[in-house]
Amino acid sequence: MIRSRVSRGSRVPAPAGRVAAIGALFWVVLCLCPASAAAQQAPAPEAEKIPLTAGRSTVLTTLFDITRIAVTNPNVADAVVVQPREVLIDGKSPGTVSLILWGAGGQRVTYDVVVDPGVPPLQQAFQNLFPGEDIRVSINEDAIILSGRVSNNDVKLRAGEIAATTAAKAKVVNLLELPQEGRSQQVMLQVRFAEVNRRALLELGVNLFLIRDEHVARTTTQQFAAPKINDAGALEGEGGIGSAVLSDFLNIFYFNRKEGIGTVIKALQQKGYFQSLAEPNLIAYDGQEASFLAGGEFPVPVVQGISGAVNVQYKEFGVRLTFRPTIAGDTIRLKVRPEVSSLDFNNGVTLQGFRIPALTTRRAETEVELRDGQSFAIAGLMNNTAQQDNAGIPWLSAIPIIGYLFKSKADRQEQTELLVLITPRLVRPLNPDEVPALPTMPGRFLPQGEQTPAPPRLQDGPPGVPR
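Draft legend 1. Just the overall build of the chain, in detail. Counting secondary structure elements, the chain contains 4 helices and 24 strands. Buried residues in the chain amount to 25% of all 467 residues. For the chain, the computed accessible surface area is about 32,600 Å², with 54% contributed by carbon and sulfur atoms.

Right, here's the structure in full:
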């Protein structure tokens, strides 16, 4: 019997069958790896789309029992399981959401629910009110857009008004086109302001005073300034006569030094006339607002609360015009707001030494519809003011004839009238070849003999010295 031994560190050759099995396994791995990588890179199957209209519902039927359901945005569309294999889908607002359904045994299906806005209620109202007109409505959170073509101006303007009333906070963009309507035009507004102010004043009053020996007397209704009597004798302790201090001699003054009798008469009649005229021209784009101010600003001091510091703010006054045009073919709809304000120092206030005037304002706001070149007038803005102040000393003013010496009165009348004449015109910008030439001077600024001579050059030397 022969035995063989294998020493440590020696190699025993592997059987041929084992080597073949390892090689086959390696070959299978190499073949499967590209296939698995390709399977990982393969795109997922596209989800099936479910079209739906906002405000409507549909029922989806599956081939398996539903165990769980998910919707990405319930505000766009919502789903409810009504049967083990039926799902009710409700469309709420325009948009696209994903609907995922799970079933028993690990089954899962994904759908894309596309919710279309459908026909808005406003567009349905237009179809009922204006049959045959092509009016399309697009609504978002900020604006209502009207597009399409209509037959006349009236339909275009009425459609814009109806859209504006349906959503007060949304802006209406009226893109409705008229037959043979060109590009959007601009509006030039020619405005003429005419203001007339008439004033009349009548003042009448008498103040009597007496300074004689030990007698001092004065009469006044306190409506006009009266002489101030100082008792000089009482101040000096000698019993002498007093003195009169006249702060205002008014219109008529008389004093008899020998008799010590004097009188001060206020007799004044005033008439004033004021006329103001402004002719501004404004240009605005269709649907955009433009404003104009011819006047100025006056400072108004404002006192801060805790610190007491005084800041100055400026308030505007003068002739102001604000308007917004809407063009529909050859028709222009205008929303105008003219305003005329002036400083009124009589009704002003005094604050920490600052004289702050008040504002007298005349304002109107209206909406009209005109054609190109037509005019309209805002008239009748009249203000009539009449004030009468009477004062008299009791009993003495009731005496016949001489009672007028103990009375005083002041009559004030003021009448203001404002006229605004507005003419809109459709304009377009001028091309370069249409710009008129600017005016030029027919002659030179200075005659030939009076032109300033040129200064001498350095190489010529000083004037009057030959080289």
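Draft legend 2. Quick look at the environment of Lys171. With respect to the helices, strands and loops of the structure, Lys171 is situated in strand β10 (residues 171-177). Lys171 sits 29 residues away from Asp142 along the chain, and the two C-alpha atoms are 6.4 Å apart. Leaving out residues up to four positions away in the same chain, Lys171 has contacts with Asp142, Ala143 and Ile144.

Draft legend 3. Structural context of helix α3 (residues 153-166). Taking 1.5 Å per residue as the helical rise, α3 with its 14 residues ought to reach 20 Å, and the 21 Å between its terminal C-alpha atoms agrees with that figure. Within the sequence span of α3, burial applies to Asn153, Val155, Lys156, Leu157, Ala159, Gly160 and Ala163.

Draft legend 4. View of the sheet that holds strand β3 (residues 66-71). With respect to topology, 4 strands assemble into an open sheet ordered β1-β7-β6-β3, the strand pairing being mixed. Where the open sheet ends on each side, the last strands, each with one partner, are β1 (48-53) and β3. Taken pair by pair, the neighbouring strands of this sheet meet at an average axis angle of 25°, ignoring direction. Looking at chain direction, β1 and strand β7 (residues 108-116) are connected through 6 bridges and run parallel. What sits directly across from Pro51, in β7, is Val114.

Draft legend 5. Up close: the packing of helix α2 (residues 121-129) against α3. One can describe the packing of α2 onto α3 by two numbers: an axis separation of 11 Å at closest approach and a directional angle of 145°. Regarding α2 and α3, the two cross each other, and that crossing is right-handed. Here Leu122, Phe126 and Leu129 of α2 lie close against α3, whose contacting residues are Ala159, Ile162, Ala163 and Thr166. Taken together, the residues that form the contact of α2 with α3 break down as 6 nonpolar, 1 polar and no charged.

Draft legend 6. Quick peek at unusual backbone geometry. With a phi close to 65°, Gln222 is a non-glycine residue in the positive phi region. Of note, Gln222 is situated in the loop between β12 (215-219) and β13 (228-230). In this structure Gln222 comes out as exposed when scored by relative accessible area, which is 70%. Positioned with a positive phi, Ile401 is a non-glycine residue whose angle comes to about 65°.

Draft legend 7. Representation of the packing of aromatic side chains in the model. The full count for this structure, using the stated rule, is 3 aromatic pairs. Ring plane angle 40° and centroid distance 6.2 Å describe the contact between Phe126 and Phe130, whose orientation is recorded as tilted. As far as burial versus exposure is concerned, Phe126 and Phe130 are alike and both buried. The residue whose ring lies beneath Lys407 is Tyr404, and the NZ or CZ to ring-centre distance is 5.0 Å.

Draft legend 8. Region of the structure containing a nonpolar patch on the surface. The grouping of Leu396, Ile399, Ile401, Ile402 and Leu405 at the surface amounts to a nonpolar patch, some 430 Å² of accessible area in total. Here Ile401 lies in the loop between β23 (376-392) and β24 (407-427). With relative accessibility at 73%, the residue Ile401 sits in the exposed group.

Draft legend 9. Region of interest: the nonpolar core. One finds Leu189, Phe193, Phe323, Leu334, Val336, Phe376 and Ile422 to be the most contacted residues of the largest nonpolar core, which totals 24 residues. Those residues in contact with Phe193 that lie beyond four places of it in its chain are Ser276, Leu277, Ala278, Pro280, Val319, Arg320, Leu321, Pro338, Glu339, Val340, Leu419 and Val420.

Draft legend 10. Molecular detail of the confidence of the model for the chain. Here the chain averages 77 in pLDDT, and 78% of its residues register 70 or above. The low-confidence segment residues 233-240, where pLDDT is below 50, has 7 contacts with residues more than four positions distant or belonging to other chains. In the model, residues 458-467 has pLDDT below 50 throughout and makes 4 contacts with residues more than four positions away in sequence or in other chains.

Draft legend 11. Main features of the pattern of salt bridges. Here the structure, examined in full by the defined rule, presents 12 salt bridges. A salt bridge links Arg85 to Asp65, with the shortest nitrogen-to-oxygen separation between them at 3.0 Å. With Arg85 in the loop between β4 (77-83) and β5 (86-91) and Asp65 in the loop between β2 (57-61) and β3, this pair connects stretches of sequence that are 20 residues apart. Of the residues examined, Arg85 reaches a relative accessible area of 39% and is grouped as partly exposed. Taking the relative accessible area as the measure of exposure, Asp65 reaches 39% and is therefore partly exposed. Of the charged contacts, one joins Arg136 and Asp134 as a salt bridge, the two residues approaching to 2.9 Å between their closest N and O atoms. Its relative accessible area of 36% is what places Asp134 among the partly exposed residues. Residues participating in the shared-partner salt-bridge network are Arg158, Glu161, Arg333 and Glu369.

Draft legend 12. Looking closely at the sheet that holds β2. Spatial ordering of the open sheet is given by β2-β5-β4, a layout of 3 strands whose pairing is antiparallel. Strands with a single pairing partner mark the edges of an open sheet, and in this sheet they are β2 and β4. Across the sheet, the mean angle from the axis of one strand to that of its neighbour is 25°, orientation sign disregarded. With 5 bridges joining them, β2 and β5 adopt antiparallel strand pairing. The residue of β5 that forms the bridge with Thr61 is Glu86.

Draft legend 13. Quick peek at the pairing of β7. Where strand β6 (residues 95-103) lies against β7, 8 bridges are found, and the strand directions are antiparallel. What sits directly across from Leu99, in β7, is Tyr111.

Each value, and the rule that gives it
- Residues numbered from 1 in each chain as written.
- Predicted model: local features only at pLDDT ≥ 70, side-chain atom pairs only at ≥ 80, totals over all residues.
- Heavy atoms only, no water.
- Helix = DSSP H or I, 4+ residues; strand = E, 2+ residues; numbered from the N terminus.
- Buried < 20%, exposed > 50% of the residue type's maximum accessible area, 1.4 Å probe, protein only.
- Areas by Shrake-Rupley, 256 points an atom, 1.4 Å probe, with all protein chains shown as cover.
- Contact = heavy atoms within 4.5 Å.
- Expected span 1.5 Å × (residues − 1).
- Pairing = 2+ DSSP bridges.
- Axes fitted to C-alpha atoms, helices over the stretch in contact; angles between N-to-C directions.
- Left-handed = near helix turned anticlockwise from the far one by under 90°.
- Nonpolar A, V, L, I, M, F, W, Y, C, P; charged D, E, K, R; others polar.
- Phe/Tyr/Trp six-rings, centres within 6.5 Å; stacked < 30°, edge-to-face > 60°.
- Lys NZ or Arg CZ within 6 Å of the ring centre and 35° of its normal.
- Patch = residues over 30% accessible without salt bridge, like charges linked within 9 Å, V, L, I, M, F, W, Y side chains within 5 Å.
- Salt bridge = Lys/Arg side-chain N within 4 Å of Asp/Glu carboxyl O.
- Core = buried A, V, L, I, M, F, W, Y, C linked by side-chain atoms within 4.5 Å.
- pLDDT = per-residue confidence, 0-100.

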